[in-house]
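Below are the chains, spelled out letter by letter.
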Amino acid sequence: MKNPLFTSTRVIVAIVITLFMFFPIYWMLITALKTSSELRMAVPSFWPEKLMWENFASAFKAIPFYRFTVNTVIQTVGIVFLQINIGVMAAYAFSKGTFPGRDALFVLVLAALIVPEQVVFVPIYVMLSKIGWINTYYALIIPHAASAYGIFLLRQMFRSINNDVIEAAKVDGASRLQVLYRILTPMAMPTVATLTVISFIHSWNAYFWPLVMTNSNKMRVLTVGISMMRDSIAGDEALNFHLLMSASILVILPIVIMFVFAQKYIVAAMANSTFK
């Protein structure tokens, strides 16, 4: 039987840690809703005197927010789609396929995990420049079409699936793609959903690569746009910091929504999965 004092202490500690972790988000939100005069107060307030919802509209107009959002969505959707599909096919080959050099090739895939993009961006930039892809969606998406981490996760999941399932499907006349997408992928749905969330967050928050590969507002993404806004108010932060926080709230909102819905989906998928 659990000790009530221990249970109560654990709950209190959990609540305190949760409040501590969410305080920066709370502070960002109330800062976004304050006026310029409140930002200049010697003693900061923990709640705005008046909720300035129009700050979000002002932040939307401060930079080409709509265009940057479209670019970010295209980049994110493209990367997530390619990483999931290429990851699923590569993981299937490395886990269930039999071909010469399979394990050696997988070691090369794992080696890609330790190479940061800052090391390889120069040769990739030169290559993309020669084929005319700089400042295009191709430059934002194609270099990140495959994820070594995603391939590793999916391979480990596929390896846990009994080969008898695949053989039974082949006996029923299923092709390799049907086996992959109609049998293995649904069985590995918790891992696929987790990888989707990781890929979405990483792509949505990408800053260095879009900054290097684009050179006009037509192709900029939201993270670069926030940086541009910050640079534009340099020296006047006290007057415009609420706009920067408003823009930041708008940028992180899709990530929060994605996480909430994906969390429910992952739990449901794990509950319905064969592998518990």
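Residues numbered from 1 in each chain as written. Predicted model: local features only at pLDDT ≥ 70, side-chain atom pairs only at ≥ 80, totals over all residues. Heavy atoms only, no water.

1. As for the overall build of the protein chain
And then number 1: A tally of helices and strands in the protein chain yields 14 helices and zero strands.
And then number 2: Going residue by residue from the N terminus, the α and β elements of the protein chain occur as α-α-α-α-α-α-α-α-α-α-α-α-α-α.
And then number 3: Computed over C-alpha atoms, the radius of gyration of the protein chain comes to 24 Å, more than 25% over the 19 Å expected from 2.2 N^0.38 for 276 residues, which places it beyond the range of a compact globule.
And then number 4: Along the first, second and third principal axes, the C-alpha atoms of the protein chain reach 75 × 70 × 30 Å.
And then number 5: Put simply, the protein chain has 276 residues, and 37% of those count as buried.
And then number 6: Nonlocal contacts in the protein chain, meaning residues at least 24 apart in sequence, comprise 71% of its contacts between residues at least 6 apart.
And then number 7: Surface accessibility of the protein chain: about 16300 Å² in total, with carbon and sulfur atoms responsible for 70%.
And then number 8: Measuring between centres, the 20 positive side-chain charges of the protein chain sit 7 Å from its 11 negative side-chain charges. (Helix = DSSP H or I, 4+ residues; strand = E, 2+ residues; numbered from the N terminus. Rg over C-alpha atoms; globule rule 2.2 N^0.38 Å. Buried < 20%, exposed > 50% of the residue type's maximum accessible area, 1.4 Å probe, protein only. Contact = heavy atoms within 4.5 Å. Areas by Shrake-Rupley, 256 points an atom, 1.4 Å probe, with all protein chains shown as cover. Lys, Arg positive; Asp, Glu negative; His and termini not counted. Charge placed at Lys NZ, Arg CZ, Asp CG, Glu CD.)

2. Points about a nonpolar patch on the surface
And then number 1: The grouping of L113, I114, V115, V119, Y149, F152 and I198 at the surface amounts to a nonpolar patch, some 640 Å² of accessible area in total.
And then number 2: Topologically, Y149 is positioned in helix 8 (residues 148–159).
And then number 3: Taking the relative accessible area as the measure of exposure, Y149 reaches 39% and is therefore partly exposed. (Patch = residues over 30% accessible without salt bridge, like charges linked within 9 Å, V, L, I, M, F, W, Y side chains within 5 Å. Salt bridge = Lys/Arg side-chain N within 4 Å of Asp/Glu carboxyl O.)

3. Here we look at the layout of surface pockets
And then number 1: Computed from the structure, the largest pocket encloses a volume of approximately 750 Å³.
And then number 2: Forming the boundary of the largest pocket are 24 residues, of which A112, H144, A146, S147 and A148 lie nearest the centre.
And then number 3: Mapped by element, the contributors of at least two residues to the lining of the largest pocket are helix 4 (65–96), helix 6 (117–130), helix 8 and helix 11 (189–204).
And then number 4: Its residues placed into classes, the lining of the largest pocket shows 18 nonpolar, five polar and one charged. (1 Å grid on protein atoms, 1.4 Å probe; cavity = no way out; pocket = protein on both sides within 12 Å on 5 of 7 lines; lining within 4 Å. Points joined across faces, edges and corners; volume = space filled by probe spheres on them. Nonpolar A, V, L, I, M, F, W, Y, C, P; charged D, E, K, R; others polar.)

4. Describing the nonpolar core
And then number 1: Ranked by size, the top nonpolar core spans 36 residues in total, and within it Y92, F158 and L184 carry the most contacts.
And then number 2: Mapped onto this core, the elements with two or more residues apiece are helix 3 (54–62), helix 4, helix 8, helix 9 (163–171), helix 10 (176–187), helix 11, helix 13 (222–232) and helix 14 (237–272).
And then number 3: It is helix 4 that provides the largest number of residues to this core, a total of seven residues.
And then number 4: Each residue touching L184, except ones within four places of it in the same chain, is listed here: Y92, F158, I161, I166 and V179.
And then number 5: Counting 11 residues, the second-largest nonpolar core is a separate cluster that includes I79, A139, L140 and M219. (Core = buried A, V, L, I, M, F, W, Y, C linked by side-chain atoms within 4.5 Å.)

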